[in-house]
Amino acid sequence: MVDDAKDDLNESLEGYKHGINPIVKTTLAWERDLVFTGTTPQGYEIEFDARAQWGCKPTESLLLSLAGCMGIDVVTILTKMRIALASFRMEIEGKRNPTPPQYYKTVEMILYLAGKNLDSAKVERAIALSKDKYCSVYNSLRPDMALKVRYVLEEKNPLVDDKADEPNEKEGKGRKGATHSGNLRS
């Protein structure tokens with residue numbers, strides 16, 4: 001029964017990233033001082049600024065790219081597992097090497113998921129699939145970077161959009177509904 005469920009999930013995820021172009025071309029233009037504008041193949045622009053006055057620092061955008069990639073994966077995989085999410089939010093913290101090159105040594109993510117009948121085993125499976133198989137950003141980073149992923153689950157009706165139901169981060173539980181916390185380390 002468990003193997004059948006895994007096979008069904010693998011079949012439904014086939015082609016998940018099938019349309020990804022193996023070659024990506026972007027441009028970066030120097031604007032002034034240490035401010036640059038990056039443009040994606042679709043025409044979206046990202047401002048980079050070493051001083052973070054006119055745009056984000058490249059290292060901040062790297063953390064957001066990692067979070068965005070894993071977030072897209074996890075939500076897609078959970079949806080394929082028939083998990084009805086009401087909300088998804090992620091906090092990311094990166095610790096960098098103190099001397100050049102100041103690469104990220106560790107990254108910690110906390111995923112806050114709310115929905116109906118959330119299953120911690122399915123959440124852990126979705127995180128593992130993202131990290132081990134689907135997240136292009138994570139798999140493009142240094143192999144010695146430690147990634148720690150934790151999550152908080154909150155029972156919430158997916159049809160209700162009520163900010164009062166968000167979990168209390170200090171206590172790890174929401175004002176309404178039940179929560180569950182878990183860890184997934186690499």
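In what follows, the accompanying structure is described. On a predicted model such as this, the values are computed, not experimentally measured, just so you know. One numbering rule holds for all chains: residues counted from 1, following each sequence as written. pLDDT decides what is reported in this predicted model: residues at 70 or higher carry local features, side-chain atom pairs at 80 or more are listed and counted, and totals for whole chains, interfaces and linings draw on all residues regardless. Computation of side-chain values: all heavy atoms of the structure, hydrogens and water removed.

### Observations concerning the sheet that holds strand β2 (residues 35-39)
Strand pairing is assigned whenever DSSP identifies at least 2 bridges connecting the two strands. Counting from the N terminus, the helices are DSSP H or I runs at least four residues long and the strands are E runs at least two residues long. Read across the open sheet, the 3 strands follow the order β1-β2-β3; overall the sheet is antiparallel. In this open sheet, the two strands that pair with only one neighbour each are β1 (27-32) and β3 (45-49). The mean angle between the axes of side-by-side strands here comes to 25°, regardless of whether they run parallel or antiparallel. Two elements, β1 and β2, share 5 bridges in a ladder whose sense is antiparallel. Across the sheet, Leu 28 pairs through a bridge with Gly 38, a residue of β2. Between N-to-C directions, angles span 0 to 180 degrees; the directions come from axes that are lines fitted to C-alpha atoms, helices contributing only their stretch in contact.

### With respect to the packing of aromatic side chains
Centres within 6.5 Å are what make two rings of Phe, Tyr or Trp a pair, Trp counting through its six-membered ring; a difference in plane orientation under 30 degrees is then read as stacked, over 60 as edge-to-face, and the rest as tilted. Across all of its chains, the model carries 0 aromatic pairs by this definition. The ring of Tyr 104 carries the charged tip of Arg 96 above its face, separated from the ring centre by 5.8 Å. Sitting over the ring of Tyr 103, Arg 142 keeps its end group 3.7 Å from the ring centre. For a Lys NZ or an Arg CZ to count as sitting over a ring, it must be within 6 Å of the ring centre and within 35 degrees of the ring normal.

### Let's talk about helix α2 (residues 58-80)
By this rule the span expected of a helix is its residue count minus one, scaled by 1.5 Å. Helix length check: α2 (23 residues) gives 33 Å between terminal C-alpha atoms against 33 Å at 1.5 Å per residue, within 8%. The classification of residues rests on relative accessible area computed with a 1.4 Å probe and restricted to protein chains. Under 20% of the type maximum is buried, over 50% is exposed, and intermediate values are partly exposed. Every buried residue of α2 is listed here: Ser 61, Leu 63, Leu 66, Ala 67, Cys 69, Met 70, Gly 71, Asp 73, Val 74, Ile 77 and Leu 78. One or two residues past the end of α2 sits Arg 82, with phi positive at roughly 65°.

### Notes on the environment of Tyr 44
Within the secondary structure layout, Tyr 44 lies in the loop between β2 and β3. Classification of Tyr 44 as exposed rests on a relative accessible area of 59%. Throughout, a contact is declared for two residues whenever any of their heavy atoms are within 4.5 Å. In contact with Tyr 44, other than residues within four places in its own chain, are Gly 38 and Thr 39.

### Concerning the packing of α2 against helix α3 (residues 120-134)
Viewed as axis vectors pointing N to C, α2 and α3 meet at an angle of 130°, and their least axial separation amounts to 9 Å. Taken together, the axes of α2 and α3 lie oblique to each other. Where α2 crosses over α3, the handedness of that crossing is right-handed. Touching Met 70, Asp 73, Val 74, Ile 77 and Leu 78 of α2 are Lys 122, Val 123, Ala 126, Ile 127, Leu 129, Ser 130, Lys 131 and Tyr 134, all from α3. Taken together, the residues of the contact of α2 with α3 sort by class into 9 nonpolar, 1 polar and 3 charged. Small angles under 35 degrees read as roughly parallel and large ones over 145 as roughly antiparallel, with 65 to 115 read as roughly perpendicular and the rest as oblique. Crossings are classed by handedness, with left-handed meaning an anticlockwise turn of the near helix from the far one by less than a right angle and right-handed meaning a clockwise turn. Only Asp, Glu, Lys and Arg are considered charged in this grouping, and only Ala, Val, Leu, Ile, Met, Phe, Trp, Tyr, Cys and Pro are considered nonpolar; every other residue, Gly among them, is considered polar.

### What to know about unusual backbone geometry
A cis amide bond links Pro 100 with the next residue in sequence, Pro 101, at an omega value of -5°. For Pro 101, the location among the structural elements is in the loop between β4 (84-96) and β5 (104-116). One non-glycine residue, Ala 52, lies in the positive phi region at around 60°. Within the secondary structure, Ala 52 is located in the loop between β3 and α2.

### Focus on the nonpolar core
General note: in soluble globular proteins, nonpolar side chains tend to be found buried as a group. Only buried residues count toward a nonpolar core. Its members are Ala, Val, Leu, Ile, Met, Phe, Trp, Tyr and Cys residues joined through side-chain atoms within 4.5 Å. In terms of nonpolar packing, the biggest core is built from 32 residues, with Leu 66, Ile 77, Leu 78, Val 107, Met 109, Leu 111 and Leu 113 touching the most fellow members. Of all the secondary-structure elements, those providing two or more residues to this core are α1 (2-13), α2, β4, β5, α3 and β6 (146-155). Residue contributions to this core peak at 8 residues, all from α2. Apart from residues no more than four positions distant in its own chain, Leu 66 is found in contact with Val 107, Met 109, Cys 135, Val 137, Tyr 138, Leu 141 and Met 145.

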